[in-house]
Amino acid sequence: MNFTGLMPGILLALSIITLPTIATAGDEDPVVEFTPDYLADDANLEQGKALWEKQCRHCHGSAAYPGKAPKLKPYIYKPKFVYKRVTDGFRKMPAWKDVFSQEERMAIVAYVMSSQFAP
Ligand code: HEC
């Protein structure tokens, strides 16, 4: 059997497998970075707090109907995890990428991760 003859087929199969990854890459946000300065910026915290109170508290807040959504535990999260959940949602958590700009989603993360966070 001639292995060299199989190579074009193998290469073709590989490129078909990797294609979807390349095709969806452009739909994602550019890589977000949460610097300590960004997370400590009062303007970001203020913007994030206002959005939290309007859009998140009724599910996640201390006064929300029990069992509606888990109590958030920022002390175990990394900012990028919160950003991902807010952006893409997860199961019953709604996605916000078509509702809030990247800047707004980042501000929400800054607030949730801050010492000012009051669910
Ligand atoms: C309609 C109710 C609802 C709203 C509104 C909502 N969430 Fe959620 N959220 C959920 C539910 C339910 C989960 C649990 C999803 C799962 O893990 O199955 C969740 C999960 C999360 C998680 C992950 C928690 C963990 O420990 O795994 C984060 C972070 C989060 N939400 C943040 C937010 C923020 C920030 C907002 C406002 C932009 C928001 N949520 C708005 C229902 C909601």
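Residues numbered from 1 in each chain as written. Predicted model: local features only at pLDDT ≥ 70, side-chain atom pairs only at ≥ 80, totals over all residues. Heavy atoms only, no water.

(A) Geometry of the overall build of the protein. Helix and strand content of the protein: 6 helices and 0 strands. Listed N to C, the secondary structure of the protein is α-α-α-α-α-α in terms of helices and strands. Partitioning the intrachain contacts of the protein with sequence separation of at least 6 by distance along the chain shows that 64% fall at a separation of at least 24. Within the structure as shown, the protein displays about 8600 Å² of accessible surface, and the carbon and sulfur contribution to it stands at 62%. (Helix = DSSP H or I, 4+ residues; strand = E, 2+ residues; numbered from the N terminus. Contact = heavy atoms within 4.5 Å. Areas by Shrake-Rupley, 256 points an atom, 1.4 Å probe, with all protein chains shown as cover.)

(B) Representation of the packing of helix H5 (residues 79–88) against helix H6 (residues 102–113). Close contact between H5 and H6 brings their axes to 9 Å; oriented N to C, the two are set at 130°. Relative to H6, H5 is oriented oblique. Remark: the crossing between H5 and H6 carries right-handed chirality. Packed against H5, whose contacting residues are Pro 79, Val 82, Tyr 83, Val 86 and Thr 87, the element H6 presents Gln 102, Arg 105, Met 106, Val 109, Val 112 and Met 113 at the interface. For the contact of H5 with H6, the per-class residue count stands at 8 nonpolar, 2 polar and 1 charged. (Axes fitted to C-alpha atoms, helices over the stretch in contact; angles between N-to-C directions. Parallel < 35°, antiparallel > 145°, perpendicular 65-115°, else oblique. Left-handed = near helix turned anticlockwise from the far one by under 90°. Nonpolar A, V, L, I, M, F, W, Y, C, P; charged D, E, K, R; others polar.)

(C) Inspection of the coordination of the iron atom of the ligand at higher detail. Taken together, the protein donors to the iron atom of the ligand comprise His 60 (NE2) and Met 93 (SD), at separations of 1.9 to 2.1 Å. Angles of 87 to 178° at the metal separate the 6 donor atoms of the iron atom of the ligand, which places the site in the octahedral class. In this pair, His 60 sits in helix H4 (residues 57–60) while Met 93 sits in the loop between H5 and H6, placing the two residues 33 residues apart along the sequence. (Donors = N, O, S within 2.8 Å, 3.2 Å for Na, K, Ca; no water. Tetrahedral: all angles 85-135°; square planar, octahedral: opposite > 155°, others 65-115°.)

(D) Representation of H6 within the structure. Between its first and last C-alpha, H6 extends 17 Å over 12 residues, near the 16 Å set by a 1.5 Å rise per residue. The set of residues buried in H6 consists of Arg 105, Met 106, Ala 107, Ile 108, Val 109, Ala 110, Tyr 111 and Val 112. Lining the buried residues of H6 we find helix H2 (36–40), helix H3 (42–55) and H5. (Expected span 1.5 Å × (residues − 1). Buried < 20%, exposed > 50% of the residue type's maximum accessible area, 1.4 Å probe, protein only.)

(E) Quick look at the packing of aromatic side chains. Tallying each qualifying case throughout the model produces 6 aromatic pairs. With a centroid separation of 5.1 Å and an interplanar angle of 40°, the aromatic rings of Tyr 77 and Phe 81 are classed as tilted. Note on Trp 96 and Phe 100: the rings are 5.2 Å apart at their centroids and 10° apart in plane angle, and the pair reads as stacked. Classification of Trp 96 as buried rests on a relative accessible area of 14%. For Phe 100, a relative accessible area of 7% puts it in the buried group. Chaining the aromatic ring pairs together yields one cluster made of Phe 34, Tyr 38 and Tyr 83. One residue, Arg 85, lies across the ring of Phe 90, its end atom 3.9 Å from the ring centre. (Phe/Tyr/Trp six-rings, centres within 6.5 Å; stacked < 30°, edge-to-face > 60°. Lys NZ or Arg CZ within 6 Å of the ring centre and 35° of its normal.)

Just geometry here; none of it tells us what the structure is for.
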